[in-house]
Amino acid sequence: MKRIPIQGVLLVLLLIFAFAFPRIMQGQPYWLYVALQSFFWAMMAASWALLAGYAGQFSFAHIAFMGIASYTSGILGRDLGWSPISGIILGTLMAGLVGVLVGYLCLRLRRTYLALFTIAFSEIVRLIINAEHEFTGGPMGLYMEPLLETTSYVPTYYIMLVALIVSLAIMYAIANSRLGLFLRSIREDEEAAAAMGVHVVRYKILAFVITSMIAGIAGALDHHIIGFIAPNELMIPRMSLVIAMAVIGGTESLISASLGAIFIHFAMEWLQKIPVPASWMPSLRENTATLQQFGLSLGEGYLQTNAWRMVLFGLMLMLTLRFWRNGLIQPLLEKIGRQGVAEETVAKRKFSQEENEIEGTEA
Amino acid sequence: MLEIKDLYVGYYSDLNIIQGVDLIAREQQITAILGANGVGKSTLLKSIYGFLKPNSGEIWMGDRRVDGTPTHELINLGISYIPQHTGLFKWMSVEENIELGGWTFRKDKDRLKQKLEESYERFPVLKEKRKQAAGELSGGQQRMVEISRTLMTDPKVILVDEPTAGLAKLLSQDVYDMLTDLRDNDGLTIVLVDQEIRSALKVSDYVYVLDLGHNHFDGPVDENIDLEEVFWA
Amino acid sequence: MDYITGQFLVNLLMNGILIGLIYGLMALGLTLIFSVLGIVSFAHGEFYMIGGYVVYYLLQAFGNLEPMIAILIAGAVTFVIGVIFELLFLQPMGKGDIERPGEYAILLTFGLAFFLQHVMIGIVGPFPTKVDRFYDFAEIDWGWLRMKAATVWFFDMPISSSRLIATGVAVVLTALMIWFMSKTWTGRGLQAVSQDRQAASVVGINPSHMNTLAFGLGTMLAGMSGAALVTVFAWVPWVGMPASSKSFIIIVLGGMGSMPGALLGGLVLGIVESFGAGLYPDPSKALAYKDAFGLLVFALVLLVKPTGFFGRKL
């Protein structure tokens, strides 16, 4: 019996859908924009999953690398007139360079200490950007040259989509190579890995560099599309969002982490304004004051949820960690992937069971 | 007093280090559990003391079944435990350490005071050092603190895991003397796990030898016991 | 640089000490949690933030409520939230139901921080609130000590009275906490669990109860320091983030799990920040960099000597 790889089919369908999305969404540039933003988050979440889930380096500086690349490119464009493309390339290299430094400094630090150090690093980066306003624009932010001279989101959508696919492909290749194996062995037991001849120093730094560069290119591309960046985007809660996306998707698989990010980003947009049936509107309107006290506001036919959608994701992050350590999307994908295999094993088991029974009667 | 029936224990549910051990610790006797390194002696003690859950089998204390009881409740049943490497609160004073042995009756000030005095009578040197941090004491004195702390609750059975590991020869003898003293004068039942076969046999009344998680030999200890026979039977 | 006089330096030192004592109280909570549960709570600052808001709402609802009572209530509220969280999410770690507990605890408390922050943004919105000082000082003029409602001049060095009150509260609470940990049975039980978990359970202490208690007390201390400081700073839902990083800095400086270390680390951080901001050559950036000085010291300590001043175990 020939097995059809269900996961492969699913992946192809997903890709076709992603490439056809601008056609499907014709006339709705808003959702196209949401989608291309979600690709940025997907790159962030997947690269964090590679660093944390595969290599076990629970770094909280990921968002800082994104910022370093974006600011480098933005400042080069503003002060030296560099084109976005060359700015993005140099920004990405810069993120990689700082990644070497951070990876090197973090060599001896484990878990909690690593987390603390990377938070400190990330905050220092943000505070410096905030303080050096002549150079970075300070809290007011920095305007960045648009990536393309067009108001349509279609080309930028494809740029982000391709960036996501390419970076996922690179990371997938790494995760499934010997390097990925080494990274996992470092995560499971660093001493043992070193004893078996894994060059721990080299691979740990390499993990930092690769993932920092992916965070960097994602950030630089995205902020050239947005045309603006501010130090607020480097704040810790944004890092929490990346973590929530990766964890809810599943940190043990790059595809799951990026799907988690895309899903959550879309969900955040949907949940921003919850449609309310017209019949509820009058009674809701009467209680506008109460609603406002709880941070909800009322629009024409919808309820604005403001911060509460974030509360939902915080809660989801905690519950996912507590009850579904593999995330919500990863087990789903595995289940789909196993369906074909499962039938086969059931058949096999049945066969061997019968065999055993026969043996039993003989003995 | 303490009885173990067909016990299976392991760190994983499908990999047992102790495979069907039976053991009885008789009242007011020292029962030694001997065997080579890695046959599961310490694992056996840990499972009696609730640090490891047995995968199957039973542990009885008198007529009460105690397997599955959380560690911190065992002291109320009269069982105490002295771990292999001292389990003192290193940064607390000697006196605080001994007092903490009376955690279960902490509201009874008179009894606490009386038991503390008893400890100092037993080991006068501890009274001199009562304000010192327990971690600063010598190995032998740390054992004294630990025994004093254990005796606060007047347990009936104590499980002792390699009490002389890492101690000098002379000190070791002191520790064995303390154990016989506890049996003879305080009427305690002691389960002793040991590597020092000769010394342990000198003080114990009954011996079990384990081999790779199984009972290998058991019998009363008397002058005629033949070490060769015990270990190579 | 002619403004740098001897008096200016003493003033910086004094301000550093005043704020450092409060930092010490906050960090005491985090170090207690670490020493008993073996985890660093990344949501520590959020409990500090909640403590402040509890006082704010209480004083808004009951205008003539005694502020000290409000601080106690803030402590009770944060204690209860901490206990509930510990029971729901951290308890399973102790039972061995969780794979890779170290990572779990980091991510989970991180998630809690995110959650609590946005709950408060939802409730109070992103706008800063300010609580008036708890008490007005009497007017006094003794030459070396002059007082007005909002300010005290000690040898002509001005100190805000809100800050002084907050420090007073922190000192009293710190003293109470030290007494509790060293003199009461429960405190000693907590210490025992932190020093040797197995031995503690042998003498009959239930370690999981101590875990819950330690987490609750730790979050309570954070909550009460926030409650004491709510009159000093403008309060926003993300006020807890710098507070968290300050607590991390302090417990790493002082040695993770060490209580004297936390108090000393608090003072060091307070003074470093005060001098850093006061002496930075460009005053327009000094304030923006205030938090960065501590972080820099922190990163260096982590790299060079992760066990801190009083470190005992990792």
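Residues numbered from 1 in each chain as written. Chains lettered and ligands numbered in written order. Predicted model: local features only at pLDDT ≥ 70, side-chain atom pairs only at ≥ 80, totals over all residues. Heavy atoms only, no water.

**Student:** Account for the overall build of chain B, naming residues and giving values.
**Tutor:** Scanning chain B from N- to C-terminus turns up nine helices and ten strands. Within chain B, the fraction of its 233 residues that count as buried is 52%. Partitioning the intrachain contacts of chain B with sequence separation of at least 6 by distance along the chain shows that 67% fall at a separation of at least 24. Carbon and sulfur atoms make up 46% of the accessible area of chain B, which totals about 10,900 Å². Taking the 26 positively charged and 38 negatively charged side chains of chain B as two groups, their mean positions are separated by 8 Å. (Helix = DSSP H or I, 4+ residues; strand = E, 2+ residues; numbered from the N terminus. Buried < 20%, exposed > 50% of the residue type's maximum accessible area, 1.4 Å probe, protein only. Contact = heavy atoms within 4.5 Å. Areas by Shrake-Rupley, 256 points an atom, 1.4 Å probe, with all protein chains shown as cover. Lys, Arg positive; Asp, Glu negative; His and termini not counted. Charge placed at Lys NZ, Arg CZ, Asp CG, Glu CD.)

**Student:** Let's hear about the overall build of chain C: which residues, and what values?
**Tutor:** A count of helical and extended segments in chain C gives eleven helices and four strands. For 314 residues, the compact-globule formula gives about 20 Å, and the C-alpha radius of gyration of chain C, at 20 Å, lands near that figure. Looking at chain C as a whole, 61% of its 314 residues qualify as buried. Here chain C has roughly 11,700 Å² of accessible surface; of this, 69% comes from carbon and sulfur atoms. When the 16 positive and 16 negative side-chain charges of chain C are each reduced to one mean point, those points stand 6 Å apart. (Rg over C-alpha atoms; globule rule 2.2 N^0.38 Å.)

**Student:** Report on the interface of chain C and chain A, specifying residues and quantitative values.
**Tutor:** In this complex, chain C contributes 46 residues to the contact, which on the side of chain A involves 47 residues. The largest contributions to the chain C side of the interface with chain A come from Leu107(C), Phe110(C) and Phe114(C), which together make up 17% of the buried area. Summed over the shared surface of chain C and chain A, the number is zero salt bridges. At the boundary of chain C with chain A, the tally comes to one residue pair in polar contact (both at pLDDT 80 or more). Listing elements by their share of the side of chain C that touches chain A, those giving two or more residues are α3 (67-94), α4 (101-124), α9 (240-254) and α11 (283-304) of chain C. Per element, the largest residue contribution to the side of chain C that touches chain A is 17 residues, and it comes from α4(C). Here the residues of the side of chain C that touches chain A are counted per class, giving 36 nonpolar, five polar and five charged. (Buried area = accessible area lost by both parts, 1.4 Å probe. Salt bridge = Lys/Arg side-chain N within 4 Å of Asp/Glu carboxyl O. Polar contact = N/O pair within 3.5 Å; in protein donor to acceptor, adjacent residues only side chain to side chain. Nonpolar A, V, L, I, M, F, W, Y, C, P; charged D, E, K, R; others polar.)

**Student:** Quick one: what's the story with the environment of Gly125(C), residue by residue and with numbers?
**Tutor:** Residues and elements named next belong to chain C. Structurally, Gly125 can be placed in the loop between α4 and β1 (140-141). C-alpha of Gly125 to C-alpha of Val236: the two residues are 111 residues apart in sequence and 8.4 Å apart in space. For Gly125, the contacting residues outside a window of four places in its chain are Met120 and Pro237.

**Student:** If you had to explain the sheet that holds strand β1 (residues 2-9) of chain B to someone new, which residues and values would you point to?
**Tutor:** Each strand in a sheet pairs with another by means of backbone hydrogen bonds, the pair being arranged parallel or else antiparallel. Residue and element names in this part refer to chain B. The four strands are arranged β2-β1-β4-β5 in an open sheet whose pairing can be described as antiparallel. This sheet does not close on itself; its edge strands, each paired only once, are β2 (18-25) and β5 (64-65). Where β1 and β2 come together, six bridges link them in antiparallel fashion. Bridging across to β2, Glu3 finds its partner in Ile24. Its contacts with the sheet place helix α1 (residues 41-48) against β1, β2 and β4 (56-61), and it is angled at close to 110 degrees to β1. (Pairing = 2+ DSSP bridges. Axes fitted to C-alpha atoms, helices over the stretch in contact; angles between N-to-C directions.)

**Student:** Outline the pairing of strand β4 (residues 157-160) of chain C, listing residues and values.
**Tutor:** All names here are of chain C. Of the two faces of β4, the one holding Met157 and Ile159 is buried and the one holding Pro158 and Ser160 is not buried anywhere. Alignment of strand β3 (residues 151-154) against β4, held across four bridges, turns out to be antiparallel. From the neighbouring strand, Phe154 faces β4, where its bridge partner is Met157. Counted between consecutive antiparallel strands, the loop separating β3 from β4 contains two residues, among which Phe155 sits at a positive phi close to 50 degrees.

**Student:** Lay out the pattern of salt bridges with the relevant residues and their values.
**Tutor:** Residues and elements named next belong to chain B. If you walk through the whole model with that rule in mind, you get 19 salt bridges over all chains. With its nearest N and O atoms 3.5 Å apart, the salt bridge here joins Arg130 to Glu95. Here Arg130 is found in the loop between α5 (124-128) and α6 (139-151), whereas its partner Glu95 is found in helix α3 (residues 94-100), with 35 residues between them in sequence. What makes Glu95 buried here is its relative accessible area of 17%. Counted as one network, the salt bridges with shared partners bring together Arg111, Lys115, Glu118 and Asp154.

**Student:** Before we move on, could you go through a nonpolar patch on the surface and cite the residues and values that matter?
**Tutor:** Residue and element names in this part refer to chain A. Judged by side-chain polarity, Leu11, Leu14, Leu15, Phe19, Val162, Val166 and Ile170 come together as a nonpolar surface patch covering roughly 560 Å² of accessible area. Secondary structure elements with two or more residues in the nonpolar patch: α1 (6-24) and α7 (154-175). By the secondary structure assignment, Phe19 is in helix α1. (Patch = residues over 30% accessible without salt bridge, like charges linked within 9 Å, V, L, I, M, F, W, Y side chains within 5 Å.)

**Student:** Explain the packing of helix α11 (residues 236-249) of chain A against α4(C) residue by residue, including any values.
**Tutor:** Relative orientation of the contacting elements α11(A) and α4(C) amounts to 120 degrees, with a least axis distance of 10 Å. With respect to α4(C), the axis of α11(A) lies oblique. Of the two elements, α11(A) crosses α4(C), and the hand of that crossing is left-handed. Contacts between α11(A) and α4(C) involve Ile236(A), Pro237(A), Ser240(A), Leu241(A), Ile243(A) and Val247(A) on the former and, on the latter, Leu107(C), Phe110(C), Phe114(C), Gln117(C) and His118(C). Residue classes in the contact of α11(A) with α4(C) are distributed as eight nonpolar, three polar and no charged. (Parallel < 35°, antiparallel > 145°, perpendicular 65-115°, else oblique. Left-handed = near helix turned anticlockwise from the far one by under 90°.)

**Student:** Pulling in residues and values, what's your account of the pairing of β3(C)?
**Tutor:** All names here are of chain C. Bridging between strand β2 (residues 145-147) and β3 involves three bridges; their strand directions are antiparallel. The residue of β3 that forms the bridge with Leu145 is Phe154. Counted along the chain from β2 to the antiparallel partner β3, the turn is three residues long.

**Student:** Tell me about empty space enclosed by the protein, and please be specific about residues and values.
**Tutor:** Applying the stated criterion to the full structure yields four cavities of 30 Å³ or more. Of the pockets and cavities examined, the largest cavity occupies roughly 190 Å³. Looking at the largest cavity, it is lined by 15 residues, and the ones nearest its centre are Ile236(A), Phe42(C), Phe110(C), Met241(C) and Ser244(C). Sorting the residues of the lining of the largest cavity by element identifies α5 (111-131) and α11 of chain A together with α4 and α9 of chain C as the ones contributing at least two each. Residues belonging to the lining of the largest cavity are distributed by class as follows: nine nonpolar, four polar and two charged. (1 Å grid on protein atoms, 1.4 Å probe; cavity = no way out; pocket = protein on both sides within 12 Å on 5 of 7 lines; lining within 4 Å. Points joined across faces, edges and corners; volume = space filled by probe spheres on them.)

**Student:** So, the packing of aromatic side chains: which residues are in play, and what are the values?
**Tutor:** Within this structure, the stated rule accounts for 33 aromatic pairs over all chains. Ring centres of Phe21(A) and Phe266(A) lie 6.5 Å apart, and the angle between their planes is 85 degrees; this geometry places the pair in the edge-to-face category. Of this pair, Phe21(A) sits in helix α1 while Phe266(A) sits in helix α12 (residues 254-272), placing them 245 residues apart in sequence. Here Arg111(B) stacks its cationic end above the ring of Phe105(B), 3.8 Å away from the centre of that ring. (Phe/Tyr/Trp six-rings, centres within 6.5 Å; stacked < 30°, edge-to-face > 60°. Lys NZ or Arg CZ within 6 Å of the ring centre and 35° of its normal.)

**Student:** Explain the side chain of Ser122(A) residue by residue, including any values.
**Tutor:** Positionally, Ser122(A) belongs in helix α5. Beyond its immediate stretch of four places on either side in the chain, Ser122(A) contacts Phe60(A), Ala61(A), Ile63(A), Ala64(A) and Leu234(A).

**Student:** Describe the interface of chain B and chain C, and please don't skip the residues or the numbers.
**Tutor:** Listed by partner, the interface residues are 25 residues for chain B and 21 residues for chain C. Counting each side, the surface lost to burial between chain B and chain C is near 2,000 Å², with a carbon and sulfur contribution of 67%. On the chain B side of the contact with chain C, His72(B), Trp91(B) and Trp103(B) bury the most area, a combined 35% of that side's loss. Applying the counting rule to chain B against chain C returns two salt bridges. Of the charged contacts in the structure, one is a salt bridge between Arg188(C) and Glu99(B), with a shortest N-O distance of 2.8 Å. Our count for the contact surface shared by chain B and chain C stands at six residue pairs in polar contact (both at pLDDT 80 or more). Residue assignment for the side of chain B that touches chain C shows that the elements contributing at least two residues are α2 (71-74), β6 (79-82) and α3 of chain B. Residue contributions to the side of chain B that touches chain C peak at three residues, all from α3(B).

**Student:** Tell me about α7(A), and please be specific about residues and values.
**Tutor:** Residues and elements named next belong to chain A. In a regular helix each residue adds 1.5 Å, so 22 residues correspond to 32 Å; α7 covers 31 Å between its end C-alpha atoms and thus fits that length. Among the residues of α7, those classed as buried are Thr156, Tyr157, Met160, Leu161, Ala163, Leu164, Ser167, Leu168, Met171, Ile174 and Ala175. Around the axis of α7, the buried residues are gathered within 160 degrees of arc, so they sit on the same side. Each element contacted by the buried residues of α7 is listed here: α1, α2 (29-54), α8 (178-188), α10 (200-226) and α12. (Expected span 1.5 Å × (residues − 1). Arc of directions from axis to C-beta.)

**Student:** Hey, could you go over unusual backbone geometry for me, with residue numbers and the actual values?
**Tutor:** Residue and element names in this part refer to chain B. Non-glycine residue Asp6 carries a positive phi angle of around 50 degrees. Counting through the fold element by element, Asp6 comes out in strand β1. The exposure class of Asp6 is partly exposed, given its relative accessible area of 40%. Even without glycine at this site, Asp154 takes up a positive phi of about 50 degrees. Positionally, Asp154 belongs in the loop between α6 and β7 (157-161).

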